[in-house]
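Listed below, chain by chain, are the residues.
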Amino acid sequence: MLNQTDDRPIVGSDEIKRVGVIGAGQMGGGIAQTLAQCGYGVRLLDQDQASLDAGLARIRKNLDRGVERGRIDAETRDAAIERISTGLDYSQFGDCDVVIEAATEDEAIKRQILKALVPHLRPDAIVATNTSSISITRLAAMTDRPGRFMGMHFMNPVPVMRLVELIRGIATEETTFRVVRDLALKLGKTPAVAEDFPAFIVNRILLPMINEAVYVLYEGVGGVESIDTAMKLGANHPMGPLELADFIGLDTCLAVMHVLHNGLADSKYRPCPLLVKYCEAGWYGRKVGRGFYDYSGDTPVPTR
Ligand SMILES: CC(=O)CC(=O)SCCNC(=O)CCNC(=O)[C@H](O)C(C)(C)COP(=O)(O)OP(=O)(O)OC[C@H]1O[C@@H](n2cnc3c(N)ncnc32)[C@H](O)[C@@H]1OP(=O)(O)O
Ligand SMILES: NC(=O)C1=CN([C@@H]2O[C@H](COP(=O)(O)OP(=O)(O)OC[C@H]3O[C@@H](n4cnc5c(N)ncnc54)[C@H](OP(=O)(O)O)[C@@H]3O)[C@@H](O)[C@H]2O)C=CC1
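Definitions and limits used
- Numbering of residues starts from 1 in each chain and follows the order in which that chain's sequence is written.
- Working convention: letters from A go to chains and numbers from 1 go to ligands, in the order in which they are written.
- The predicted nature of this model means local features are confined to residues of pLDDT at least 70 and side-chain atom pairs, given and counted, to a pLDDT of 80 or more, with totals for whole chains, interfaces and linings taken over all residues.
- Each side-chain value is worked out from all heavy atoms of the structure, with water and hydrogens disregarded.
- Strands here mean DSSP runs of E at least two residues long; helices mean DSSP runs of H or I at least four residues long; both are numbered from the N terminus.
- Based on C-alpha atoms, the radius of gyration is set beside the globule rule, defined as 2.2 Å times the residue count to the power 0.38.
- Using a 1.4 Å probe on the protein chains alone, a residue whose accessible area is under 20% of its type maximum counts as buried, one over 50% counts as exposed, and one in between counts as partly exposed.
- Here a residue is considered near a molecule or strand provided that any single heavy atom belonging to it is located within 4 Å of it.
- Two N or O atoms count as a polar contact when they lie within 3.5 Å, although within protein this holds only if one can serve as hydrogen donor and the other as acceptor, and sequence-adjacent residues are included solely when both atoms are side-chain atoms.
- Calculation of accessible area relied on Shrake-Rupley with a 1.4 Å probe; when residues are assessed, cover is drawn exclusively from the protein chains displayed.
- Three categories are distinguished: nonpolar for Ala, Val, Leu, Ile, Met, Phe, Trp, Tyr, Cys and Pro, charged for Asp, Glu, Lys and Arg, and polar for the others, with Gly belonging to the last.
- Bear in mind that the domain bounds are from an automatic or database domain assignment.
- UniProt positions are given in the numbering used here, feature names are shortened, and annotations may be inferred rather than shown by experiment.
- The contact criterion used is simple: two residues touch if any of their non-hydrogen atoms lie within 4.5 Å.
- At least two bridges found by DSSP between two strands are what make those strands a pair.
- If the strands point away from the viewer and the path from the first strand over the helix to the second runs clockwise, then the crossover is right-handed.
- Working definition: a ring pair exists when centres of Phe, Tyr or Trp rings (six-membered ring for Trp) sit within 6.5 Å. Plane angles under 30 degrees give stacked, over 60 give edge-to-face, the rest tilted.
- Buried Ala, Val, Leu, Ile, Met, Phe, Trp, Tyr and Cys residues form a nonpolar core when they are joined through side-chain atoms within 4.5 Å.

> How would you explain the overall build of the protein if you had to name every residue and give the values?
Looking only at helices and strands, one finds eleven helices and ten strands in the protein. Radius of gyration (C-alpha) of the protein: 19 Å, near the 19 Å computed for a compact globule of 304 residues. Over its C-alpha atoms, taken along the principal directions, the protein stretches across nearly 60 × 50 × 35 Å. Looking at the protein residue by residue over its 304 residues, the buried ones come to 49%.

Here is the structure:
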């Protein structure tokens, strides 16, 4: 398939066979698992072996749970694991058709990753970012291929959630968009298109709600349990906002609020000081064992 604007060849969606994933955290792991379950070869990278091992162990556990619950059989699980290779070196992405960046929500880290990544890619490879909030256009400018760059924003937990937000940067070519949209469809997801504004659609709406829940806690309007019970039973949310904040990661929640606050320059997006304090303490939520709940025991215990 030929690129419509500059005639350089670009991979077509049917030709996507190998996908690289950068970051083996909860999102990178979920994306890798979903890709592998759908038959794609996956190259997974993180910055150290311990993070890679932990990521792969989480994928195995999720797939094992699928087998236990009768959702998949053991052969499907084993084949999915076989399709995932891991490494610490960007050269593993040399044969990838698409690479999805899913590292920590920090623009400096993402810029560094993108700069290091592109020299190893085929000229026609597409780069997508799973950022929750950062400008796609700005990240694209860090690469040698703004036309082959866009936002592909999965939701957590990736294997379960049906939505993928698709965000074009100012330079994203239509062919790139179509290839990435088709990949999302092949993963069984429903795409929703968002413009390149801070935090796009889902997080522009969801994160201020979570931040407000933290203010409600900060001001003593309710305790952790009351707030979550109120929103679960009163608004039919599957998780309360504080439970959800812990699930997303308080570091990610705070990073998104900063992008909204800085990017839209409106005081309504001011991160709650209590959210800032929890992050300063390293209480990032479920992934570290403590956030608005303490996860060290059998059942989560509210911390306030
Ligand atoms: C921050 C961003 O940039 C954007 C975001 O992602 S915002 C966050 C968006 N996500 C949400 O809002 C999630 C809200 N929560 C939920 O929808 C549900 O609580 C939930 C789907 C996470 C769990 O559902 P539940 O019914 O309470 O639990 P449970 O029965 O254990 O799990 C339901 C299914 O999800 C699967 N699941 C749960 N957690 C999982 C995980 N972390 N990874 C993979 N699969 C998971 C389970 O295996 C189960 O699958 P089966 O029914 O096929 O066996
Ligand atoms: N959490 C959520 O609900 C959602 C998050 N997102 C987005 O997905 C991305 C990842 O989030 P999430 O998975 O939750 O975060 P996690 O903290 O779970 O994982 C981030 C991973 O990135 C790794 N990492 C950090 N720096 C580098 C680097 N220089 N090179 C390679 N890997 C690196 C981290 O390694 P280490 O642990 O060693 O630092 C970690 O394994 C973020 O952009 C986030 O905004 C999108 C949708 C939902």
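Still more to cover.
> Requested: an account of the site of ligand 1, with residues and values cited.
Inspection of the region around ligand 1 gives 18 residues, with Arg71, Ser132, His153, Asn156 and Asn203 positioned closest. Arginine 69 is positioned with one of its side-chain polar atoms (N or O) 3.0 Å from an oxygen atom of ligand 1. Protein burial of ligand 1: of its 1000 Å² of free accessible surface, 68% is covered by the chains. Secondary-structure elements contributing two or more residues to the shell around ligand 1 are helix H2 (49-68), helix H7 (202-218) and helix H9 (241-248). Tallied by class, residues from the shell around ligand 1 come to ten nonpolar, five polar and three charged. Here the shell around ligand 1 spans two domains, and each of domain 1 (18-195) and domain 2 (203-302) adds at least three residues to it.

> How would you summarise the UniProt feature "binding site: NAD(+)" (unreviewed entry) in the protein if you had to cite specific residues and measurements?
According to UniProt, the positions carrying the feature "binding site: NAD(+)" (unreviewed entry) are Gly23, Ala24, Gly25, Gln26, Met27, Gly28, Asp46, Glu105, Lys110, Ser132, Asn156 and Lys287. Looking at the element boundaries, glutamate 105 is found in the loop between strand S4 (98-101) and helix H4 (107-117). Residue classification places glutamate 105 among the buried positions, given a relative accessible area of 13%. Setting aside residues up to four positions removed in sequence, glutamate 105 forms contacts with Lys110, Thr131, Ser132, Ser133, Ile134, Thr252 and Ala255. Within the structure, glutamate 105 has its side chain in polar contact with the side chain of threonine 131 (distance 2.9 Å). Mapped onto the elements, serine 132 comes out in the loop between strand S5 (126-129) and helix H5 (136-140).

> Give me the pairing of S5: which residues, what numbers.
Judged by which residues are buried, S5 turns out to be covered on both faces: Ile126 and Ala128 on one side and Val127 and Thr129 on the other are all buried. In terms of strand pairing, S4 meets S5 through four bridges, oriented parallel. Residue valine 98 lies in a different strand from S5, and its bridge partner there is isoleucine 126. Considered for its hand, the β-α-β crossover made up of S4, H4 and S5 is right-handed. Two elements, S5 and strand S6 (residues 149-154), share three bridges in a ladder whose sense is parallel.

> Report on the site of ligand 2, specifying residues and quantitative values.
Close contacts around ligand 2 come from 26 residues, with Asp46, Ser51, Glu105, Lys110 and Ser132 the closest. One of the side-chain nitrogen or oxygen atoms of serine 51 is found 2.8 Å away from an oxygen atom of ligand 2. Between ligand 2 and alanine 103 there is a distance of 3.1 Å, counted from an oxygen atom to a backbone nitrogen or oxygen. When isolated, ligand 2 has an accessible area of 900 Å², and the protein chains bury 85% of it. Only helix H1 (26-37), H4 and S6 provide two or more residues apiece to the shell around ligand 2. With three residues, the single largest contributor to the shell around ligand 2 is H4.

> Any details on the packing of aromatic side chains? Residues and values, ideally.
For any pair of aromatic rings, the description consists of the separation of the ring centres together with the inter-plane angle of the planes. Counted according to the given criterion, the structure contains five aromatic pairs. Ring geometry for tyrosine 90 against phenylalanine 93: centres 6.3 Å apart, planes inclined by 55°, an arrangement best described as tilted. The burial state of tyrosine 90 is the same as that of phenylalanine 93; both residues are buried. Ring centres of tyrosine 215 and tyrosine 218 lie 6.3 Å apart, and the angle between their planes is 70°; on these two criteria the pair is classed as edge-to-face. Residue tyrosine 215 and its partner tyrosine 218 are both found in helix H7; the two are separated by three residues, about one turn of the helix. By relative accessible area, tyrosine 215 is classed as buried at 11%. For tyrosine 218, a relative accessible area of 44% gives the class partly exposed.

> Kindly report on the nonpolar core, identifying the contributing residues and their values.
In this structure, Leu35, Ile100, Met152 and Phe154 are the most contacted members of the largest nonpolar core, which totals 37 residues. Leave out the neighbours within four places in its chain, and methionine 152 touches Ile100, Ala128, Thr129, Asn130, Val164, Glu165, Leu166, Val180, Leu183 and Ala184. One finds Leu207, Phe247, Met257 and Cys272 within the second-largest nonpolar core, a separate group that totals 29 residues.

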